[in-house]
Every structure is written in C-alpha cells, then in structure tokens.
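Now for the letters of each chain:
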Amino acid sequence: MENIINQQEQVLMHTYQRYPVVLDHGEGVYLYDTNGKKYLDFASGIAVFALGYANQEYNNALKSQIDKLIHTTNYFYNEPALAAAKKLTKASGMDRVFFTNSGTEAIEGAIKLARKYYYKKFGKADSEIIAMEHSFHGRSMGALSVTGTKKYREAFEPLIGGVVFVPYNNLEELKSKISDKTCAILMETVQGEGGIYPADPEYLKEVRKICDDLGILLILDEIQCGMGRCGTMFAYEQYGIFPDIVTTAKALGCGMPVGAFAAKELVANALEPGDHGTTYGGNPLATAAVAKVFDLFEQEQILVNVKEVGDYLQEKLLDLMNENQSIIALRGKGMMYGLEFANPVKDIISKALEKNLILISAGTNVIRFLPALIIEKKHVDEMITILKECISMAELISC
Ligand SMILES: *Cc1c(COP(=O)(O)O)cnc(C)c1O
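## Details of the overall build of the protein chain
Now for step 1: Helix and strand counts for the protein chain stand at 14 helices and 17 strands.
Now for step 2: Relative to the compact-globule value of 21 Å for 399 residues, the protein chain shows a C-alpha radius of gyration of 21 Å, a close match.
Now for step 3: A total of 399 residues make up the protein chain; the buried ones form 52% of that total.
Now for step 4: Within the protein chain, residue pairs in contact and separated by at least 24 positions form 71% of the contacts whose partners lie at least 6 positions apart.
Now for step 5: When the accessible area of the protein chain is evaluated, it comes to approximately 18,600 Å², of which 53% is carbon and sulfur surface.

This is the structure:
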C-alpha cells in the first residue's frame, strides 16, 4: 500500500489530505483495502453509493449498456436518457431535466437557467442570486461563487458577481436582502458540508411563499440530501413545497458520474437551443445507471429502509450524545446525520479508520453519517460500538 500511496502522491495534485489506505473493492456496505482489511463504510463515497457496493443488477445494467453504446452526442436521441428523464421528472415533480456530469455542473446550469429566465423576463442582465452562508455547491468558478464558505473562495476571487449571502434559516435577513434584481434564492434543503443543518419547516415554507409573491425562483440543491437520503426521494417533499429548479447528483447515478438540474416547464423553457450544452452529459451509460437506480430504489424499497433503519440510527446517535459530555448536538433526517462535538473530530475519525470504520466530517467538529441506504440495524450497532471506543480513546489522548 505504501508504495502505491507514495507513487500517487507524486503524480496527483495535492488537493486532498488523503487517509493512508488504498481501497480495492466493495461488497454491500463494506469496503476492502489492497491488504484485505475490511471496513464498515458510513460515508458511501460521500452519499453516492446509496445501493451499496457490487449490486449485481446495477452492475449488469451498466455492463450491457457498455456493450451496446457508451456515448453519443446530444445531437441525437437515446433511449436510456429518455427513461432516466422520465423517472427523474416523476420523482422530483419537475417537468424537464438537463443531465450533467457532476453536482457542480448541475449548479452551474441552475445558475445559468435562473439568469436567463430573468433576462428574458426583464430584458436586462443585472440579476442577483441570494445564497446561504456555510452552504456548499461545488468548486468551479460559478458554483464557488454561491458557496458561502470564505476559505474555499478567497484565493480564487474575483468570482461571478451578483451573489448576496445571508444566514441560513433566518427569514428577516433574507427579506432584507431581496431587491427587484433578485432572480433566485438558492439553498440546500439540508445543508451537508456546512455541518448537517436541515431547513426549518416554517422558514422554507415562508421562503417559497416570498418567491411566489415576488416572482423569484427557488433553487433547492439536493445533490447530497436528495435521492432518498432524508427518507423521501427529495427532501423538499417533507416540507410540502416544490422548488422551481432542483439540482441532484451524488446518489443519482450511485457511482456513475452524473448529475442533473430539473425545472418546471415555464422556467425550463428559458433555456433555448444554443444556451447550454455538454459533451458527456446525459450519455447512454450515465443515464442507463440513473434509470436503473430509480428501478432499484422501488424494487428494494429503499425509502422504507431509510425510514426504519434511519430512525434506529437516530435513536442510537441520540443515546450516544446523552452518554457523552463531549457531544453537543445531533442534527439531520433519514440517513443523513451530523453529530457535533465540542472539539475537533479529526482524532476520532482516524481512530475509527484504524478500527475498520469509515466516517467523514462536516467542518471541524461534526462527524457526518451518510451510510448506504441499504444498511441494516446490525450495521448501526457495529458502527456505534466502534465509535464509542474511539470517542473514549480520543478523550484519553486529549486529557
Ligand atoms: C457534493 C455537493 C456538490 C458538488 O457536487 P460534485 O459532484 O462534487 O461536483 C454540490 N452541492 C452539494 C450540496 C453537495 O453536497
């Protein structure tokens, strides 16, 4: 492993502080490194592998699509793209979709769509987007421009203009920043990277109402919290509202790099031939994965499992919090939780890895739980047992 790690450090850019593990293959909710060490994975590739590793039906669907047609340009039609778009529009309540290769690109598309919508409506290009502090929407220049974390942005300025930030879940601040130039309000339904903060129900409903009253578009980024992660296909279902534009990615392809932005008919039509495009986006291999993912979600009753085992996970995390002075909050829904500690969680996460458990953080003090949506109660128990040991070990070190 050391050899691979050393070599890789020489040829890849140093944009990550990687853990010293070389992963080899996966099976269900477990990953194996090249030495054969087995890890319980509670990160699922950052909320990507919702169906678990080596799902045979998923793999076979991709294999047969590989033998048929991997790629064609968007100048032509293909059947997997139609199947995927139908399933995604149905699940999201949107009318039209544009497939991308990543979440970041879905955000880029959503920004362009909102701006074009405003441009067509008012005949001028001076629109503003209101985005949230501590949000995360991606690393490209456009997506970074709406990401409310200074340390990600600073070195790359000037970013795109016309973006105003407000604190999340704060209606008064939001209202005070709305102007007649506001074309869209953009937020995650549940903030992920920023520490797992769900939108307050009353807040989001009120934001929807404000958008309706003033003709502002509501863009919900469900790249992390959508696709069943919170117990419904999209988290906004639980708030009884729809956005005008939704972005999705991560579990949309369950491993295939694919994202999408989808919108209501009236909004979607603002983008006209020539306004936006992509070489890879929506190619038959990626969209065959998307279509299969939706089928498997139904077949394997994923949402039922998220509810049942997710509740159990929440209960166990709550117990853990009540037993530990060092844990100060638990936030989240479904199978998306953040456990906030009084101190940095780096040591706990490293200890967990030594003890065969993969966890990730969200910021410095929050452990983020994003398991595959197929986990069973026994996996929760296994995780909790290891985590308990790691917390007490980390406490010993800091004493
Ligand atoms: C991961 C993420 C993105 C960026 O997606 P990529 O596929 O990494 O480009 C955007 N928004 C949210 C909420 C995310 O969690």
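## Some points on unusual backbone geometry
Now for step 1: A cis geometry characterises the amide bond from Glu157 onward to Pro158, with omega recorded as 5°.
Now for step 2: On the secondary structure map, Pro158 appears in the loop between helix H7 (150-153) and strand S6 (163-166).
Now for step 3: Residue His134 is not a glycine yet carries a positive backbone phi of 65°.
Now for step 4: Residue Asn356 is not a glycine yet carries a positive backbone phi of 70°.
Now for step 5: Positionally, Asn356 belongs in the loop between helix H13 (346-354) and strand S15 (357-358).

## With respect to the pattern of salt bridges
Now for step 1: If you walk through the whole model with that rule in mind, you get 20 salt bridges.
Now for step 2: With a shortest N-O distance of 3.9 Å, Arg153 and Glu157 are connected by a salt bridge.
Now for step 3: Assessed through its relative accessible area of 45%, Glu157 is described here as partly exposed.
Now for step 4: Each of Lys116, Lys120, Glu272 and Asp275 takes part in one network of salt bridges that share partners.

## Side note on the sheet that holds S15
Now for step 1: Here we have 4 strands laid out as an open sheet, ordered S1-S2-S3-S15, and mixed in their pairing. A strand with exactly one partner marks an edge of an open sheet, and here the two such strands are strand S1 (23-27) and S15.
Now for step 2: As judged from the 3 bridges shared by strand S2 (residues 30-33) and strand S3 (residues 38-41), these two strands associate in the antiparallel manner. Each residue of the ladder has a partner; that of Tyr32, found in S3, is Lys38.

## Focus: the domain arrangement of the protein chain
Now for step 1: By domain assignment, the protein chain separates into domain 1 (2-54 + 301-398) and domain 2 (56-299).
Now for step 2: Taking only C-alpha atoms into account, the centre of domain 1 sits 26 Å from that of domain 2.
Now for step 3: Listed as interface residues are 28 residues of domain 1 and, on the opposing side, 30 residues of domain 2.
Now for step 4: Summed over the three residues of domain 1 that lose the most area to domain 2, namely Leu51, Lys333 and Met336, the buried surface amounts to 28% of that side.
Now for step 5: Our count for the contact surface shared by domain 1 and domain 2 stands at 1 salt bridge.
Now for step 6: The shortest N-O distance in the salt bridge between Arg368 and Glu193 comes to 3.5 Å.
Now for step 7: Every element with two or more residues in the side of domain 1 that touches domain 2 is listed here: helix H2 (44-47), helix H12 (302-323), strand S13 (327-333), strand S14 (336-341) and strand S17 (366-369).
Now for step 8: Of all the elements, S14 adds the most residues to the side of domain 1 that touches domain 2, at 4 residues.
Now for step 9: Of the residues that constitute the side of domain 1 that touches domain 2, the class distribution is 18 nonpolar, 6 polar and 4 charged.

## Focus: the site of the ligand
Now for step 1: Close to the ligand lie Ser102, Gly103, Thr104, Phe136, His137, Glu188, Asp221, Ile223, Gln224 and Lys250.
Now for step 2: The separation between an oxygen atom of the ligand and a polar side-chain atom of Thr104 is 2.5 Å.
Now for step 3: Separating an oxygen atom of the ligand from a side-chain N or O atom of Gln224 is a distance of 2.8 Å.
Now for step 4: Protein chains bury 82% of the 380 Å² of accessible surface belonging to the ligand in isolation.
Now for step 5: Among the residues forming the shell around the ligand, the class breakdown is 2 nonpolar, 5 polar and 3 charged.

## Remarks on the side chain of Glu340
Now for step 1: Within the secondary structure layout, Glu340 lies in strand S14.
Now for step 2: Reaching out from Glu340, the side chain makes a polar contact with the side chain of Arg331 at a distance of 2.8 Å.
Now for step 3: For Glu340, the residues in contact, after removing those within four places along its chain, are Tyr197, Ser326, Ile327, Ile328, Ala329, Arg331, Asn365 and Val366.

## Let's talk about the confidence of the model for the protein chain
Now for step 1: The pLDDT averaged across the protein chain works out to 97; a share of 99% of its residues lies at or above 70.
Now for step 2: Looking at the elements of the protein chain, mean pLDDT is at its lowest for helix H14 (residues 377-398), recorded as 91, and at its highest for strand S10 (residues 217-221), recorded as 99.

## Some details on the packing of helix H3 (residues 56-68) against helix H11 (residues 284-299)
Now for step 1: Following both chains from N to C, one finds H3 and H11 inclined at 155°, their axes separated by 9 Å at the closest point. Taken together, the axis directions place H3 and H11 in an arrangement best described as roughly antiparallel. The hand of the H3/H11 crossing is right-handed. Only Pro284, Leu285, Ala288, Ala289, Lys292, Val293, Leu296 and Gln299 of H11 make contact with H3, whose side of the interface consists of Glu57, Tyr58, Ala61, Leu62, Gln65 and Ile66.
Now for step 2: Classifying every residue of the contact of H3 with H11 by side-chain character gives 10 nonpolar, 2 polar and 2 charged.

## Structural notes on the pairing of strand S11 (residues 245-248)
Now for step 1: With burial as the criterion, each face of S11 is covered, one bearing Ile245 and Thr247 and the other bearing Val246 and Thr248.
Now for step 2: In this sheet, S11 lies alongside S10 in parallel orientation, the contact comprising 3 bridges. Residue pairing in the sheet places Asp221 in a bridge with Thr247 of S11.
Now for step 3: Judged from the 4 bridges that link them, S11 and strand S12 (residues 259-263) form a sheet pairing that is antiparallel. Paired with Ile245 across the two strands is Ala263, which belongs to S12.

The rules behind these values
Residues numbered from 1 in each chain as written. Predicted model: local features only at pLDDT ≥ 70, side-chain atom pairs only at ≥ 80, totals over all residues. Heavy atoms only, no water. Helix = DSSP H or I, 4+ residues; strand = E, 2+ residues; numbered from the N terminus. Rg over C-alpha atoms; globule rule 2.2 N^0.38 Å. Buried < 20%, exposed > 50% of the residue type's maximum accessible area, 1.4 Å probe, protein only. Contact = heavy atoms within 4.5 Å. Areas by Shrake-Rupley, 256 points an atom, 1.4 Å probe, with all protein chains shown as cover. Salt bridge = Lys/Arg side-chain N within 4 Å of Asp/Glu carboxyl O. Pairing = 2+ DSSP bridges. Domains from an automatic or database assignment. Buried area = accessible area lost by both parts, 1.4 Å probe. Nonpolar A, V, L, I, M, F, W, Y, C, P; charged D, E, K, R; others polar. Near = heavy atom within 4 Å. Polar contact = N/O pair within 3.5 Å; in protein donor to acceptor, adjacent residues only side chain to side chain. pLDDT = per-residue confidence, 0-100. Axes fitted to C-alpha atoms, helices over the stretch in contact; angles between N-to-C directions. Parallel < 35°, antiparallel > 145°, perpendicular 65-115°, else oblique. Left-handed = near helix turned anticlockwise from the far one by under 90°.

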